[in-house]
Amino acid sequence: MSEYVEIFEVGPRDGLQNEAGEIPVADKIALVDRLSEAGFRRIEVASFVSPKWVPQMADSAEVLAGIARADGIRYAALTPNMRGYEAALAAGADEIAIFGSASEGFSKANINATIDESLERFRPVVEAARHIDLPVRGYVSCVTDCPYDGPVDPGQVARVADRLFAMGCYEISLGDTLGYGTPDSIARMLLAVRNVVPAGRLAGHYHDTRGRALDNIDASLSLGLRVFDAAVGGLGGCPYAPGAAGNVATEAVARHLADLGYETGLDAGVLAQAAGMARAMRREAA
Ligand code: HMG
Ligand code: MG
């Protein structure tokens, strides 16, 4: 039996949040429904943030209401504060994610709060979710480089990851938001983070701006990570990280992991269809 590595599909959220034009909700639902046939265990489909900040995600409740939920898949949503948490709960999200940053500049630009303020905002969200056994994932952005502050100290990533984990996040997803990470900088960062959060509770979330994401996944595999976020068709970016490209493409990660002998449980034919849909949505929105 080959070893399982999970790809966490984030395209319908991280991908579509960054598209310039308006994408019809029916198209988003159709994409999620196709992805639900591919073999994922978790798909991030929604984000309950301010519609003034990210208008592309304003229809998140409609997406969650419209999709055909498949057994065995958790449909996830971002929740920056209690208001987002309550909206995600009402819409029926199966798990939520809070999202902090290792750098002050990105924290301010992305969620209008210092790192400390953001962690205080997240605390009641995690407490409320844990009270009803709703899984909470924690993101740390800018784990190697920040568009505002430059290179990021691995110790600072470890401190934020530690605080999110201690708060009750079941997994910490480490975001190379800009896609400037290299196998060296990713490994230095992971060695620091692994001292405070076990590798089995970490995920790699790598954008592919400079084409290094697959190399960064290799470096992460050798340090014990077995979960990677990816977006079908390589969709996306982040509206508050100027110059950042999309997440590494799911179909490329699945192929790469298969070549390395890992099992992902994903159907390459379905992924190719979903990637085609994602690329068509991007073209229509442009
Ligand atoms: P703020 O302005 O500091 O907060 O924004 P506020 O409480 O003063 O509220 C401002 C307005 O937003 C008010 O409306 C609130 O009602 C409304 P107004 O009175 O102006 O009409 N509001 C909300 N509306 C809907 N849902 C909510 C909500 N909260 C407040 N939950 C806030 C703070 C966090 C809300 C804002 O900064 C925001 O929405 N930021 C979102 C940024 C974002 O979504 N970024 C992309 C996702 S992160 C990412 O992509 C990185 C990741 O992929 C990992 C990686 O790659 O590194 C995860
Ligand atoms: Mg991202």
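Procedures and definitions
- Residues numbered from 1 in each chain as written.
- Chains lettered and ligands numbered in written order.
- Predicted model: local features only at pLDDT ≥ 70, side-chain atom pairs only at ≥ 80, totals over all residues.
- Helix = DSSP H or I, 4+ residues; strand = E, 2+ residues; numbered from the N terminus.
- Buried ≥ 20, exposed ≤ 12 C-beta atoms within 10 Å, placed from the backbone.
- Contact = placed C-beta atoms within 7 Å.
- Axes fitted to C-alpha atoms, helices over the stretch in contact; angles between N-to-C directions.
- Parallel < 35°, antiparallel > 145°, perpendicular 65-115°, else oblique.
- Left-handed = near helix turned anticlockwise from the far one by under 90°.
- Nonpolar A, V, L, I, M, F, W, Y, C, P; charged D, E, K, R; others polar.
- Near = placed C-beta within 6 Å.
- UniProt positions renumbered as here; feature names shortened; annotations may be inferred.
- pLDDT = per-residue confidence, 0-100.
- Arc of directions from axis to C-beta.
- Pairing = 2+ DSSP bridges.
- Right-handed = clockwise from strand over helix to strand, strands pointing away.
- Core = buried A, V, L, I, M, F, W, Y, C linked by C-beta atoms within 7 Å.
- Expected span 1.5 Å × (residues − 1).
- Bend = angle between axes of the 7 residues up to and from the residue.

## With respect to the overall build of the chain
And then number 1: The helix and strand inventory of the chain stands at eleven helices and ten strands.
And then number 2: With the principal axes as the frame, the chain shows a C-alpha extent of 45 × 40 × 35 Å.
And then number 3: Sorting the 286 residues of the chain into buried and exposed places 52% on the buried side.
And then number 4: Considering only residue pairs separated by 6 or more positions, the chain has 75% of its internal contacts joining residues 24 or more positions apart.

## Observations concerning the environment of Cys-146
And then number 1: Locating Cys-146 in the fold gives a position in strand E6 (residues 145–146).
And then number 2: Residue classification places Cys-146 among the buried positions, given that 23 C-beta atoms sit within 10 Å.
And then number 3: Put simply, Cys-146 and Ala-241 are 95 residues apart on the chain and 8.1 Å apart in space, counted from C-alpha to C-alpha.
And then number 4: When residues no more than four places from it in sequence are discounted, the contact partners of Cys-146 are Ser-103, Gly-105, Phe-106 and Val-152.

## With respect to the packing of helix H7 (residues 154–167) against helix H8 (residues 183–193)
And then number 1: Orientation of H7 relative to H8, taken along the N-to-C sense of each, is 45 degrees, at an axis distance of 8 Å. Taken together, H7 and H8 sit at an angle that is classed as oblique. Read as a crossing pair, H7 and H8 show a hand that is right-handed. Contacts between H7 and H8 pair Pro-154, Gly-155, Val-157, Ala-158 and Ala-161 from the former with Arg-188, Met-189, Ala-192 and Val-193 from the latter.
And then number 2: The class makeup of the residues in the contact of H7 with H8 is seven nonpolar, one polar and one charged.

## Points about the site of ligand 1
And then number 1: Ligand 1 sits among 26 residues. The nearest are Val-49, Gly-84, Asn-112, Ser-141 and Gly-175.
And then number 2: Mapped onto the shell around ligand 1, the elements with two or more residues apiece are helix H4 (82–91), helix H5 (104–111) and strand E5 (136–141).
And then number 3: Taken together, the residues that form the shell around ligand 1 break down as twelve nonpolar, eleven polar and three charged.

## Some points on the UniProt feature "domain: Pyruvate carboxyltransferase" (unreviewed entry) in the chain
And then number 1: The sites that UniProt annotates as "domain: Pyruvate carboxyltransferase" (unreviewed entry) are residues 5–272.
And then number 2: Note that residues 5–272 is 40% helix and 18% strand, and that its end C-alpha atoms are spaced 19 Å apart.

## Things to note about the confidence of the model for the chain
And then number 1: Averaged over the chain, the pLDDT score is 96; the fraction of residues at 70 or greater is 99%.
And then number 2: Averaged pLDDT values over the elements of the chain bottom out at 91 in helix H11 (residues 268–285) and peak at 99 in strand E8 (residues 171–176).
And then number 3: Across the predicted assembly, pTM comes out at 0.97 and ipTM at 0.98.

## Details of helix H2 (residues 25–35)
And then number 1: By the burial criterion, the buried members of H2 are Lys-28, Ile-29, Leu-31, Val-32 and Leu-35. The buried residues of H2 occupy one face: seen down the axis, they fall within an arc of 160 degrees.
And then number 2: Summarising the contacts, the buried residues of H2 are in contact with strand E1 (6–9), helix H1 (11–15), strand E2 (42–47), helix H3 (60–66) and H11.

## Quick word on the pairing of strand E4 (residues 95–101)
Residues in a regular strand point their side chains to alternate faces of the sheet.
And then number 1: Counted residue by residue, E4 has six buried out of seven residues, so it is predominantly covered.
And then number 2: Pairing of strand E3 (residues 74–78) with E4 involves three bridges; the strand directions are parallel. Each residue of the ladder has a partner; that of Leu-78, found in E4, is Ala-97.
And then number 3: Handedness of the crossover joining E3 and E4 through H4: right-handed.
And then number 4: Both E4 and E5 contribute to a ladder of six bridges, which runs parallel. Bridged to Ser-101 within E5 is Ser-141.

## Topic: the nonpolar core
And then number 1: Counting residues in hydrophobic clusters, the biggest one holds 89 residues, and the most contacted among them are Val-45, Val-140 and Val-157.
And then number 2: Apart from the residues within four sequence positions on either side, Val-140 is in contact with Gly-100, Ser-101, Ala-102, Val-157, Val-160, Ala-161, Leu-164, Ile-172, Leu-174 and Gly-175.

## Details of helix H6 (residues 115–131)
And then number 1: For H6, built from 17 residues, the straight-helix expectation of 24 Å at 1.5 Å per residue is met to within 8% by its first-to-last C-alpha distance of 24 Å.
And then number 2: At Phe-122, H6 shows its largest kink, close to 25 degrees, and the proline Pro-124 lies no more than four residues downstream.
And then number 3: Where H6 is concerned, the buried positions are Ile-115, Ser-118, Phe-122, Val-125, Val-126 and Ala-129.
And then number 4: Contacts made by the buried residues of H6 are with H4, E4, H5, E5 and H7.

## Comments concerning the pairing of E5
And then number 1: The element E5 is extensively covered by neighbouring structure, given that six of its six residues are classed as buried.
And then number 2: The alternating pattern of E5 places Val-136, Gly-138 and Val-140 and Arg-137, Tyr-139 and Ser-141 on opposite faces, both of which are buried.

## A short note on the environment of Lys-108
And then number 1: Mapped onto the secondary structure, Lys-108 falls in helix H5.
And then number 2: Of the residues examined, Lys-108 has 18 C-beta atoms within 10 Å and is grouped as partly exposed.
And then number 3: In this structure, the C-alpha to C-alpha distance between Lys-108 and Arg-226, residues 118 residues apart in sequence, is 31 Å.

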